[in-house]
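These are the residues of each chain, in order.
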Amino acid sequence: MSTLASVSRRDFLQGASGLLAVCAFASGDAYAQPANAPTSAPEVVDGFPPPRLVGRPMPEKVQFPSPPERRVGFAVVGLGDFALHQILPNLSATKSCRLAALVSGNPEKLQKVGEAYGISKEHRYGYDQLEKLRDDETVDVVYIITPNVFHRDLTERAFKAGKHVLCEKPLATSSEDCEAMIAAGEKAGKTLMVAYRAQFDPYNLEAVKMIREGKVGTPSLLVLDHGRILDPSKPVDQWRAKQALAGGGSLFDIGIYSVNGARYLLGEEPVSVKASPIVRSGRPEVDVEEQISWTMRFPSGAVANCSSSYLVSGRKRFHIQGDKGDITLDPATDYEVRNLYLKTMQGENHSTQELEIPQDNQFAPMLDEMANAILENRQPKTPGVEGLRDLRILEAIYRSAESGREVKLA
Ligand code: NDP
């Protein structure tokens, strides 16, 4: 029998743990010498010291949010579906924003949401108290999430109260109102940003990057479709069914994603639009346009064929075709799910690749852009004029649908 073989397992482990302890002590390893380690030798069970709780070094690449006192305070105006399901939960996922105040016309809801998010009574307001925000130093930005027709008035009042404004899409119900809102911001020396979340979505950003890198060659033909069933029996669709509150139909609500999308995917402004006649179902409770399709022409020669409908379900698709391949985002503008595909041609053959995007939050980066634009005293990526440009195009689409003619854009 050899010497090694004659050492029992227990003796070997005790010897090994002793050696390890000496090495760890010499190297200062926190596992072996926690700050609160007892001075007496640890009880050894079957050759192993018992596990201890110890601190370890900071993991690599940790990204910290700003400390609360350096974050930008947001007052959320209108506690409806989008505010409660998407914006309030995502404010806590930001690095530079904090919820500071709530504005609502429903006192019970205001109290419930305030209690849930820790917003005390003195930072809860009714619509008739918006001017009081002037004295609320916790608020820097007023985020307007009400039916479209109220966007202009609330924006102007927020600017008068000395606050910056983040406003939902469409920025307003007419280009004239958009111009007035931009002018009000300039007069007040405050920032106006339109909340185009898709422009902060990692999937859409990757699609833009691939187009700029020439992955599809020269983009020539785009197809952009949005559709969902409008159901006026649901509270969220009651105002959308009324021209006086929504300012327009499916085009203003979801077709706007295609207008804005074609512009940022191509990085160009359209020179003309031509629309097909408006489609209406004839439902008595709906007085807005329910379906429309149109074509936008761009200076490069690219053409975007678009549709927007309240009469078809579940369409949120962008398709960009070039001479070397194509990109599909489907869905392109969903809250939760986006899929991105790149098809490239090699001679007669093609290969399709689905791209994995690890970070998929689009709301937090949008909110942080508003905050950072203020902190860095610069224009945001989607300033008021971005909303104005889209409104001018939406108006031209309706004019074309009415006249049957192509409408040139200045
Ligand atoms: P909701 O109907 O769910 O909420 C609107 C809220 O506005 C209401 O809950 C209410 O808040 C307030 N409001 C004040 N006056 C009225 C009125 N006369 N009729 C109805 N509501 C009123 O709508 P959404 O949250 O879906 O849409 C709000 C805005 O957000 C719109 O501009 C829309 O285009 C935009 N939006 C943007 C999205 C995006 O992806 N960027 C997605 C969805 C919407 P309270 O009860 O607190 O007073």
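For the structure, see preceding data.
Rules and cut-offs
- Residues numbered from 1 in each chain as written.
- Predicted model: local features only at pLDDT ≥ 70, side-chain atom pairs only at ≥ 80, totals over all residues.
- Heavy atoms only, no water.
- Core = buried A, V, L, I, M, F, W, Y, C linked by side-chain atoms within 4.5 Å.
- Buried < 20%, exposed > 50% of the residue type's maximum accessible area, 1.4 Å probe, protein only.
- Contact = heavy atoms within 4.5 Å.
- Phe/Tyr/Trp six-rings, centres within 6.5 Å; stacked < 30°, edge-to-face > 60°.
- Helix = DSSP H or I, 4+ residues; strand = E, 2+ residues; numbered from the N terminus.
- Pairing = 2+ DSSP bridges.
- Near = heavy atom within 4 Å.
- Polar contact = N/O pair within 3.5 Å; in protein donor to acceptor, adjacent residues only side chain to side chain.
- Areas by Shrake-Rupley, 256 points an atom, 1.4 Å probe, with all protein chains shown as cover.
- Nonpolar A, V, L, I, M, F, W, Y, C, P; charged D, E, K, R; others polar.

Draft legend 1. How the structure looks around the nonpolar core. Ranked by size, the top nonpolar core spans 71 residues in total, and within it Leu265, Trp294, Met296, Ile327, Leu340 and Ile397 carry the most contacts. With residues near it in sequence (within four places) discarded, Ile397 still touches Leu251, Val259, Val273, Ala275, Ile292 and Trp294. One finds Leu88, Leu91, Tyr143 and Phe363 within the second-largest nonpolar core, a separate group that totals 28 residues.

Draft legend 2. View of the packing of aromatic side chains. This structure, assessed with the given rule, holds four aromatic pairs. With a centroid separation of 5.9 Å and an interplanar angle of 20°, the aromatic rings of Phe252 and Tyr398 are classed as stacked. A residue pair is termed long-range when its members are at least 10 positions apart, and Phe252 in helix α9 (residues 250-266) and Tyr398 in helix α11 (residues 384-403) qualify at 146 residues. Site record: aromatic cluster; members linked through ring pairs are Phe82, Tyr335 and Phe363.

Draft legend 3. The arrangement of the sheet that holds strand β1 (residues 72-77) in detail. In space, the six strands of this open sheet follow the order β3-β2-β1-β4-β5-β6, with parallel pairing throughout. Only two strands of the sheet have a single neighbouring strand rather than two, namely β3 (124-125) and β6 (192-194). Of the strand pairs in this sheet, β1 and strand β4 (residues 141-144) are connected by four bridges, and their pairing is parallel. Counted as the bridge partner of Phe74 is Val141 from β4.

Draft legend 4. Spotlight on the site of the ligand. Asp81, Ser104, Tyr127, Asn148 and Arg197 are the nearest of the 25 residues found near the ligand. Within the side chain of Lys109, one N or O atom sits 2.8 Å away from an oxygen atom of the ligand. The separation between an oxygen atom of the ligand and a polar side-chain atom of Tyr127 is 2.5 Å. Burial of the ligand by the surrounding chains reaches 83%, relative to a free accessible area of 890 Å². Along the lines of polarity and charge, the residues of the shell around the ligand split into twelve nonpolar, seven polar and six charged.

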